[in-house]
Amino acid sequence: MDSLINHPVILAVFSILIIGMLILDLGVLNKKSHAITSKEAAYWSILWISLSMGFSAIIYHYLGFEKFSQFQGAYWIEKALSVDNLFVFILVFGYFNVSKELQHKVLFWGVLGALFFRAIFIFSGVWILNYTYLPEMELFGKTVTINYLLTLFGIILIIAGVKSWFSTNSDDGDQDFSKSPGARLVHRFFKVSAQFDGDKFFTIQNGLKMATPLFVVLVIIEFTDLLFAVDSIPAIFAIAPDDPFILYTSNIFAILGLRSLYFLLANFMYMFSKLHYGLAIILAFIGVKMIIAPFIHISSLISLSIVGSVLLISVVWSFLFPNKE
């Protein structure tokens, strides 16, 4: 099957877009820390979604509809799961009293870390999958080849879906983030100052170099993303388990649009109070798809249609019956 790796033009376009936008974001438009307005966040969100859809159009032109559907499916799954993760970011920033002027910098460097770790997870995951196929066997009158790692991922996603169905955002509301793994890691290797020093991650006090609370927040955000990837990465493996470049490019576009989406939705998260039900259904569906894949093939188009429909219904449900607590 054709892959992005065989199309250097597409990979070149992807690399130029991502590097160019990162340079524009940090080096030109956001040299100085400032509060991101809803209007600015809306512009950036529209821009990132437009770039993502434009890139998927390039994939459609060069690789056809199947790869286009895989990109779209993986992109919207990652995007949907990211929205649920934004609530944790809000709680972390609120717990440490991080001002709106400093939140953008934390999220930017957090995203750069996510780019690195997602590459490791996705490319190593696809490589490992190639070595986890069982020999052909006869089951239910069919000759099948089962991948036990994908089956395990499927079970994990079904369990995650059940947890998501019965969870609420308020479950994390009383969490003590100062005792989280990320915070403990920073305190283990650095002395941490009690005060912020502008937008600096490190400061000098009494001749001693110390980490600032802003650095603690950055590491907590990074750890949160790693935990979030435990669900999101197996979920997208169900879409294109044999093409890490489709998975990585869709993942990166979704993540890079996460910061602007955060500032756009931060004040309106209560309007997405029913989203976790939709995510529960999506995770369970993808888990079932992984388990039955050796017996029943569910096309990328059907998967995309189901994911899109469930998301739309859960968002409309949230808007019609918002939780304003």
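In the block above lies the structure referred to throughout.
Source: prediction; values computed, not measured.

Visitor: Please provide a residue-by-residue account of the overall build of the chain, values included.
Guide: When you go through the chain residue by residue, the secondary structure sums to 11 helices and 4 strands. By principal-axis analysis of the C-alpha atoms, the chain measures approximately 75 × 45 × 45 Å. For the chain, with 325 residues in total, the buried portion stands at 48%. A fraction of 77% describes how many contacts in the chain between residues 6 or more apart in sequence connect residues 24 or more apart.

Visitor: Residues and numbers for the pairing of strand E3 (residues 202–205), please.
Guide: Side chains on a regular strand alternate between the two faces of the sheet. Of the pairings in the sheet, the one linking E3 to strand E4 (residues 208–211) comprises 4 bridges and is antiparallel in character. By the bridge assignment for E4, threonine 203 is matched with methionine 210. Connecting E3 to the next strand, E4, in antiparallel fashion are 2 residues, including asparagine 206 with a positive phi near 55°.

Visitor: Which residues make up the nonpolar core, and what are the values?
Guide: By size, the foremost hydrophobic cluster in this structure holds 91 residues, and its most contacted members are Phe237 and Phe253. Excluding residues within four positions of it along the chain, phenylalanine 237 makes contact with Phe121, Ile122, Gly125, Val126, Leu129, Leu150, Phe153, Leu247 and Met290.

Visitor: Give a detailed account of the side chain of asparagine 251, specifying residues and quantitative values.
Guide: Checked against the element boundaries, asparagine 251 lands in helix H8 (residues 244–256). Looking at asparagine 251, the relative accessible area reads 0%, which means it is buried. Asparagine 251 has contacts with Glu78, Arg118, Ile122, Ile233 and Ile236, leaving out every residue within four places of it along the chain.

Visitor: Which residues make up the packing of helix H10 (residues 275–292) against helix H11 (residues 300–320), and what are the values?
Guide: Across the interface, H10 lies against H11 with an axial gap of 8 Å and an inter-helix angle of 165°. As summarised for this structure, H10 and H11 are arranged roughly antiparallel, according to the angle between their axes. H11 is crossed by H10, and the crossing has right-handed handedness. Contact residues: H10 offers Leu275, Tyr277, Gly278, Leu279, Ile281, Ile282, Phe285 and Lys289, while H11 offers Ser303, Ile306, Val307, Val310, Leu311, Ser314, Val315, Trp317 and Ser318. Taken together, the residues of the contact of H10 with H11 sort by class into 12 nonpolar, 4 polar and 1 charged.

Visitor: Help me get a handle on the environment of aspartate 176, residues and values and all.
Guide: Among the secondary structure elements, aspartate 176 is positioned in the loop between helix H5 (148–166) and helix H6 (181–189). A residue is classified by how much of its surface remains accessible, and aspartate 176, at 30% relative accessible area, is partly exposed. In sequence terms aspartate 176 and tyrosine 95 are 81 residues apart; their C-alpha atoms lie 8.1 Å from each other.

Visitor: I'd like a description of a nonpolar patch on the surface, backed by residues and values.
Guide: A surface patch of nonpolar side chains, about 530 Å² in accessible area, is lined by Leu312, Val316, Trp317, Leu320 and Phe321. Considering the arrangement of structural elements, one finds leucine 320 in helix H11. Residue classification places leucine 320 among the exposed positions, given a relative accessible area of 59%.

Visitor: Outline the environment of isoleucine 252, supporting the account with residue identities and numerical values.
Guide: The topology assignment puts isoleucine 252 in helix H8. C-alpha of isoleucine 252 to C-alpha of isoleucine 16: the two residues are 236 residues apart in sequence and 13 Å apart in space. Those residues in contact with isoleucine 252 that sit more than four places away from it in its chain are Phe14, Ile18 and Leu115.

Visitor: Account for unusual backbone geometry, with residues named and values stated.
Guide: Working note: non-glycine residues mostly have negative phi, and peptide bonds are mostly trans. Despite not being glycine, asparagine 97 has its phi angle at roughly 55°, a positive value. Relative to the elements of secondary structure, asparagine 97 occurs in the loop between helix H3 (65–95) and helix H4 (100–129). Look at asparagine 97 and you get exposed, because its relative accessible area is 62%. Even without being a glycine, asparagine 206 presents a positive backbone phi close to 55°. Positionally, asparagine 206 belongs in the loop between E3 and E4.

Visitor: Let's hear about the packing of aromatic side chains: which residues, and what values?
Guide: Summed over all chains, the structure comprises 27 aromatic pairs. Centroid distance tyrosine 75 to tryptophan 76: 4.9 Å. Interplanar angle 85°. Geometry classified as edge-to-face. By relative accessible area, tryptophan 76 is classed as partly exposed at 28%. Taken together through their ring pairs, the aromatic side chains of Phe14, Phe55, Phe71, Tyr75, Trp76, Phe123, Phe245, Tyr248 and Phe253 make up a single cluster.

What counts, and where the lines are drawn
- Residues numbered from 1 in each chain as written.
- Predicted model: local features only at pLDDT ≥ 70, side-chain atom pairs only at ≥ 80, totals over all residues.
- Heavy atoms only, no water.
- Helix = DSSP H or I, 4+ residues; strand = E, 2+ residues; numbered from the N terminus.
- Buried < 20%, exposed > 50% of the residue type's maximum accessible area, 1.4 Å probe, protein only.
- Contact = heavy atoms within 4.5 Å.
- Pairing = 2+ DSSP bridges.
- Core = buried A, V, L, I, M, F, W, Y, C linked by side-chain atoms within 4.5 Å.
- Axes fitted to C-alpha atoms, helices over the stretch in contact; angles between N-to-C directions.
- Parallel < 35°, antiparallel > 145°, perpendicular 65-115°, else oblique.
- Left-handed = near helix turned anticlockwise from the far one by under 90°.
- Nonpolar A, V, L, I, M, F, W, Y, C, P; charged D, E, K, R; others polar.
- Patch = residues over 30% accessible without salt bridge, like charges linked within 9 Å, V, L, I, M, F, W, Y side chains within 5 Å.
- Areas by Shrake-Rupley, 256 points an atom, 1.4 Å probe, with all protein chains shown as cover.
- Salt bridge = Lys/Arg side-chain N within 4 Å of Asp/Glu carboxyl O.
- Phe/Tyr/Trp six-rings, centres within 6.5 Å; stacked < 30°, edge-to-face > 60°.

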